[in-house]
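# Per-entry structural report
Chain by chain, the residues run as shown.
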Amino acid sequence: FAARKEDGSIVTWGHTGHGGDSSAVREHLCSGVVAVYSTQLAFAARREDTSIVTYGDKTEGGAFAARKEDGSIVTWGHTGHGGDSSAVREHLCSGVVAVYSTQLAFAARREDTSIVTYGDKTEGGAFAARKED
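Basis of the calculations
Residues numbered from 1 in each chain as written. Predicted model: local features only at pLDDT ≥ 70, side-chain atom pairs only at ≥ 80, totals over all residues. Heavy atoms only, no water. Helix = DSSP H or I, 4+ residues; strand = E, 2+ residues; numbered from the N terminus. Rg over C-alpha atoms; globule rule 2.2 N^0.38 Å. Buried < 20%, exposed > 50% of the residue type's maximum accessible area, 1.4 Å probe, protein only. Contact = heavy atoms within 4.5 Å. Lys, Arg positive; Asp, Glu negative; His and termini not counted. Charge placed at Lys NZ, Arg CZ, Asp CG, Glu CD. Pairing = 2+ DSSP bridges. Phe/Tyr/Trp six-rings, centres within 6.5 Å; stacked < 30°, edge-to-face > 60°.

## A look at the overall build of the protein
Each helix and strand counted, the protein has two helices and 11 strands in total. Counting helices and strands in the order they occur from the N terminus, the protein gives β-β-α-β-β-β-β-β-α-β-β-β-β. Taking 133 residues into account, the globule formula puts the C-alpha radius of gyration at 14 Å, and the protein, at 15 Å, falls close to it. Reported as C-alpha extents along the three principal axes, the dimensions of the protein are approximately 45 × 30 × 20 Å. Residues counted as buried form 40% of the 133 residues belonging to the protein. Long-range contacts, defined as pairs at least 24 residues apart, comprise 27% of the intrachain contacts of the protein with a sequence gap of at least 6. Taken together, the 14 basic and 18 acidic charged side chains of the protein have centroids lying 2 Å from each other.

## Topic: the environment of Val88
The residue Val88 is located in the loop between strand 7 (73-77) and helix 2 (89-92) in this model. For the pair formed by Val88 and Val116, sequence separation is 28 residues and the distance between their alpha carbons is 7.5 Å.

## Some words on the pairing of strand 7
By the bridge criterion, five bridges tie strand 6 (residues 63-67) to strand 7 in an arrangement that is antiparallel. The residue bridging Ala66 from the neighbouring strand is Val74, located in strand 7. Hairpin remark: strand 6 followed by strand 7, antiparallel, with five residues in the connecting loop; positive phi at Gly71, about 85°.

## Thoughts on the packing of aromatic side chains
The geometry of an aromatic ring pair is captured by the separation of the ring centres together with the interplanar angle, meaning the angle of the planes. For the structure on display, the rule yields four aromatic pairs. Their ring planes at 25° and their centres at 5.5 Å tell us that Phe1 and Trp13 sit as a pair that is stacked. A residue pair is termed long-range when its members are at least 10 positions apart, and Phe1 in the segment before strand 1 (2-4) and Trp13 in the loop between strand 2 (10-12) and helix 1 (26-29) qualify at 12 residues. A relative accessible area of 62% places Phe1 in the exposed class. Aromatic side chains Phe106 and Tyr118 sit 5.4 Å apart centroid to centroid with 20° between the ring planes, which places their arrangement in the stacked category. Pair noted here: Phe106 is in strand 9 (residues 105-110) and Tyr118 is in strand 10 (residues 114-119), with a separation of 12 residues, a long-range link. For Tyr118, a relative accessible area of 0% corresponds to the buried category.

This is how it looks when you write it as structure tokens:
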């Protein structure tokens, strides 16, 4: 588990290999954290300076996606779970207004109302762009 305290620090507990031990990144979590996000086995902390600190299981910790201020998406983590979005890169380089996740895939909603999915194909990552009616 991970919890953000009022002073902007993060406290972690639980399985040491799945993010319960954040000592390797402690210096980045002692202040300035504005939000913390999780996958099944890993965590990402967003800091005031907009940097992201990740910790937890490095091999099966899942994948993360972040929307940048310019409307593009950056992804990292387990390649089969959405950490590699290169198959749909042209749809994620601008115009994204929101990004959503399942356990193993992501969906990005674009300004033109199209939806771009990527990640594990059996979990919704069908690598398709769809326009809503």
